[in-house]
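Residue-level structural notes
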Amino acid sequence: MRSHTPRAARSPVPLVLLAPAALGLLLLVLPLVGLLLRAPWTDLPGRLAEPGVLTALRLSLVSATLATLLCLVLGVPLAWLLARVEFPGRRMVRALVTVPMVLPPVVGGVALLLVFGRRGLLGGWLDETFGVTLPFTTAGVVLAEAFVAMPFLVVAVEGALRGADRRFEEAAATLGAGRWTAFTRVTLPLVAPGVTAGAVLCWARALGEFGATITFAGNFPGTTQTMPLAVYLALETDLEAAIVLSLVLLVVSVTILAALRDRWALR
């Protein structure tokens, strides 16, 4: 019997590609293995029960979740605008949206200070009019995380919208559905896997945010000290504590990403 396997599938893997692929895998995996090997497993329960660790972890989870919700509220409409509306300067807007992905986070924190600081473009007005101060507060942490994480959501949702079949939306319009009804009942269900993927990437990026947070919100325990900031502080005085905190971040990130990735892949 002749095999129906394509010839390309039966061909051996070229060594010229296998060697750099193996090196790339080692580059990504070896640091994580080193973290697991150096973790103080015997002291792990006691260190995890320390109040500072639990406080930083709780603040990280809450702020990353709030930042993701803010990105969903603002980023999904922005992605729809970039994907479905033709307007002058759309390419420039798309480029500006993706700038935080390549911008050094510390520079993003400085930019946030110049806008939302007490002497910033909007910060002074917010302080005088509403008594709202964002820098060095928990709200500032959420804002900094949303600033660096929103592009991941926008890019994912825009790609899903461009790949969605618009005939379903046109059919809904011919049946009398308004734009809002078609968007909420037709468009969003079509791109739900893309929205979920973007939200997961956004949440993971917000959870690991460091540079913009420490620059714009500071490093105050219980208020703005998230897990990455706690790792940085512990690294100066207690290496084992820094390893434990890093291990917690690694476990939380991998668990959430693996669980949610299976869900949107199946859908």
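Residues numbered from 1 in each chain as written. Predicted model: local features only at pLDDT ≥ 70, side-chain atom pairs only at ≥ 80, totals over all residues. Heavy atoms only, no water.

A short note on helix α10 (residues 179–190)
Turning to α10, its buried residues number three or more, namely A182, F183, V186 and T187. The arc enclosing the buried residues of α10, seen along the axis, measures out at 125°, which places them on a common side. In α10, the exposed residues that point more than 90 degrees away from the buried face are W180 and R185. Looking at the buried positions of α10, the neighbouring elements they touch are α4 (51–84), α8 (138–163) and α9 (167–174). (Buried < 20%, exposed > 50% of the residue type's maximum accessible area, 1.4 Å probe, protein only. Helix = DSSP H or I, 4+ residues; strand = E, 2+ residues; numbered from the N terminus. Arc of directions from axis to C-beta. Contact = heavy atoms within 4.5 Å.)

What about the environment of I214?
Tracing the sequence through the fold places I214 in helix α12 (residues 211–216). Sequence spacing of I214 and V231 is 17 residues, and the spatial spacing of their C-alpha atoms is 12 Å.

Re the state of the cysteines
For the structure on display, the rule yields zero disulfides. Unpaired in this structure, C71 has its nearest cysteine sulfur neighbour in C202, at a distance of 3.6 Å. Of the residues examined, C71 reaches a relative accessible area of 0% and is grouped as buried. (Disulfide = S-S within 2.5 Å.)

Remarks on the pattern of salt bridges
Enumeration over the complete set of coordinates arrives at four salt bridges. For R162, the salt bridge is made with E158, and the minimal N-O distance between the two is 3.2 Å. Residue R162 and its partner E158 are located together in helix α8, separated by four residues, close to a single helical turn. On the basis of relative accessible area, R162 is assigned to the partly exposed category, the value being 45%. With its nearest N and O atoms 3.1 Å apart, the salt bridge here joins R205 to E209. In this structure E209 comes out as buried when scored by relative accessible area, which is 0%. Among the ionic contacts, a cluster of salt bridges with common partners joins R94, E158 and R162. (Salt bridge = Lys/Arg side-chain N within 4 Å of Asp/Glu carboxyl O.)

Distances and angles like these do not, on their own, reveal function.
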